[in-house]
Amino acid sequence: MSQQAKLSTWASNIAPSPTLAVDAKAKELKAAGEDVCGFGAGEPDFDTPDFIKDACIQALNEGKTKYAPAPGIPALRSALAEKYRNDNGVAGVDPSQIIVSPGGKYSCYLAILAVVSPGDEVIIPAPYWVSYPEMVKLSGGTPKSIFAGADAEFKITPDQLREAITPKTRMVIINSPSNPTGAIYSPAELEALTQVAVEAGIYIMSDEIYEYLLYDGVKHISPASFSPEAADHVITVSGFSKTFSMTGWRLGTLMAPPAIAKAVANIQSQTSSNATTFAQYGALAAMENWDQSMAAVNEMLTVFDRRRLRLLEGLRSIEGVQCPRAQGAFYLFPNIDTFGLSANDFAAKILDEEKVALVPGEGFGAPGYVRLSYAISDEVIEKGLERLSRFCAGLKA
Ligand SMILES: Cc1ncc(COP(=O)(O)O)c(C=O)c1O
């Protein structure tokens, strides 16, 4: 390879998205006219509520088309600080501790870049969201995963975390509710993990992007709310994508202790500048009309819950499939180990033979599992379940 064509350490280290292969094949099949049942969706299948879109359109019409302050428009930062104080119980949050970024994904990367240096370790409980390890590698850090399978409800214990911490550890990533498992830590479990992190002097990056997508009456809690000391150790990342069906708007949020928030604002100012100005006015409408926003979320949740229960029941009725009852997000994560195929092969084969697209667990650090999203229509769920049970029966036969 010529010197010019040589890629950087970062570019050479990064893995392509493991979900991409199945996704690309599913799209190809659909384009060729095949009837594909797609369980791969990582986004709500609802439109953004009209009042949010209207506020954005109004902002455009009013000429809010220029650069905004890099960390976000002041009114949105204030509204988010208020939300974290009132809704999440994080005492004394100041708007200066809030950054609005171009997407929850970028918020995660900013949080990692702000505290992880080359050689540092970041603990990532598996199953994990596919992007975390790659972001850690892009920062020069080393991802260290610890596993919690279905038997542990996909949740690590304080002892597991304590044992994984070394002098090089800078951060642990907690994602509750979780993508891909839908698992949620109880307040007591989360408080115990937070205590371990505080005692060890490491940061928690708490990814709360699914915080409002909850079922069975479970409650979400933010680690930053446990105590001022806890808040000093937590970087909370989130965004508007999942709660308000705004994936295409690219709006993320981050709340951090003052010195970290300042560093994050600096990094953002030099790398992306502000998140899209007029989009932030749409998000502001979501924050300022909270009751209306929550009514829209509840409508979506009623539909998601119905689909969740149907998909769970359908999966559990298939011999050889074990599926924990996820209580958050919009994913189920069944174990398919008994079929004697790797998850990658299972996903490739079922796509090929039955035109069912699901995401294999390898990319989530969980071989033996597959992820199914229920952010899809009831009809696709029914048809997909029929095909899935036929496929599994064929494998068992
Ligand atoms: C756990 C988790 N965090 C963050 C994100 C990023 O969301 P976005 O960049 O759309 O705001 C996602 C999206 O799939 C996610 O699943």
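Bear in mind that the values here come from a model prediction, so they are computed numbers and not experimental data.

1. With respect to the packing of aromatic side chains
Piece 1. Taken as a whole and judged by the stated rule, the model has 18 aromatic pairs.
Piece 2. Arranged with centres 5.2 Å apart and planes meeting at 0 degrees, the rings of Phe-333 and Tyr-369 form a pair that is stacked. You can see Phe-333 sitting in the loop between β9 (331-332) and α13 (343-354) and its partner Tyr-369 sitting in the loop between β11 (359-360) and β12 (370-373), a full 36 residues away along the chain.
Piece 3. For Tyr-369, a relative accessible area of 7% corresponds to the buried category.
Piece 4. An aromatic cluster of at least three residues, connected via ring pairs, comprises Phe-46, Tyr-210, Tyr-215, Phe-304, Phe-330, Tyr-331 and Tyr-374.
Piece 5. Positioned above the aromatic ring of Tyr-84 is the side chain of Lys-83, whose terminal nitrogen or guanidinium carbon lies 4.6 Å from the ring centre.
Piece 6. Over the face of the ring belonging to Phe-339 we find Lys-396, whose NZ or CZ atom lies 5.3 Å from the ring centre.

2. Considering the environment of Gln-280
Piece 1. For Gln-280, the location among the structural elements is in helix α11 (residues 277-288).
Piece 2. Overall, the relative accessible area of 0% leaves Gln-280 in the buried class.
Piece 3. Between the C-alpha atoms of Gln-280 and Lys-64, which are 216 residues apart in sequence, the distance is 9.8 Å.
Piece 4. For Gln-280, the contacting residues outside a window of four places in its chain are Gly-72, Ile-73, Leu-76, Val-100, Leu-251, Asn-274 and Ala-275.
Piece 5. For Gln-280, the side chain forms a polar contact with the main-chain oxygen of Ala-275, separated by 2.8 Å.

3. Structural notes on the site of the ligand
Piece 1. Close contacts around the ligand come from 13 residues, with Gly-104, Asn-179, Asp-207, Lys-242 and Arg-250 the closest.
Piece 2. For the ligand, an oxygen atom lies 2.6 Å from a polar atom in the backbone of Gly-104.
Piece 3. The contact in question runs from a nitrogen atom of the ligand to an N or O atom on the side chain of Asp-207, over 2.6 Å.
Piece 4. The fraction of the free accessible surface of the ligand (400 Å²) that becomes covered by protein chains is 92%.
Piece 5. Grouping the constituent residues of the shell around the ligand by class yields four nonpolar, five polar and four charged.

4. A word on the domain arrangement of the protein chain
Piece 1. In terms of domains, the protein chain is made up of domain 1 (9-47 + 293-391) and domain 2 (68-288).
Piece 2. Taking only C-alpha atoms into account, the centre of domain 1 sits 25 Å from that of domain 2.
Piece 3. At the junction of the two partners, domain 1 supplies 35 residues and domain 2 supplies 34 residues.
Piece 4. Here domain 1 and domain 2 share an interface that buries about 2900 Å² over both sides, 63% of which is from carbon and sulfur atoms.
Piece 5. Three residues stand out in domain 1 for area buried against domain 2, namely Trp-10, Gln-327 and Phe-364, and they jointly supply 20% of the buried area on that side.
Piece 6. Across the contact surface, domain 1 and domain 2 share two salt bridges.
Piece 7. Linking Asp-216 and Arg-325 is a salt bridge whose minimum nitrogen-to-oxygen distance equals 2.8 Å.
Piece 8. For the pair domain 1 and domain 2, the interface holds 18 residue pairs in polar contact (both at pLDDT 80 or more).

The rules behind the values
Residues numbered from 1 in each chain as written. Predicted model: local features only at pLDDT ≥ 70, side-chain atom pairs only at ≥ 80, totals over all residues. Heavy atoms only, no water. Phe/Tyr/Trp six-rings, centres within 6.5 Å; stacked < 30°, edge-to-face > 60°. Helix = DSSP H or I, 4+ residues; strand = E, 2+ residues; numbered from the N terminus. Buried < 20%, exposed > 50% of the residue type's maximum accessible area, 1.4 Å probe, protein only. Lys NZ or Arg CZ within 6 Å of the ring centre and 35° of its normal. Contact = heavy atoms within 4.5 Å. Polar contact = N/O pair within 3.5 Å; in protein donor to acceptor, adjacent residues only side chain to side chain. Near = heavy atom within 4 Å. Areas by Shrake-Rupley, 256 points an atom, 1.4 Å probe, with all protein chains shown as cover. Nonpolar A, V, L, I, M, F, W, Y, C, P; charged D, E, K, R; others polar. Domains from an automatic or database assignment. Buried area = accessible area lost by both parts, 1.4 Å probe. Salt bridge = Lys/Arg side-chain N within 4 Å of Asp/Glu carboxyl O.

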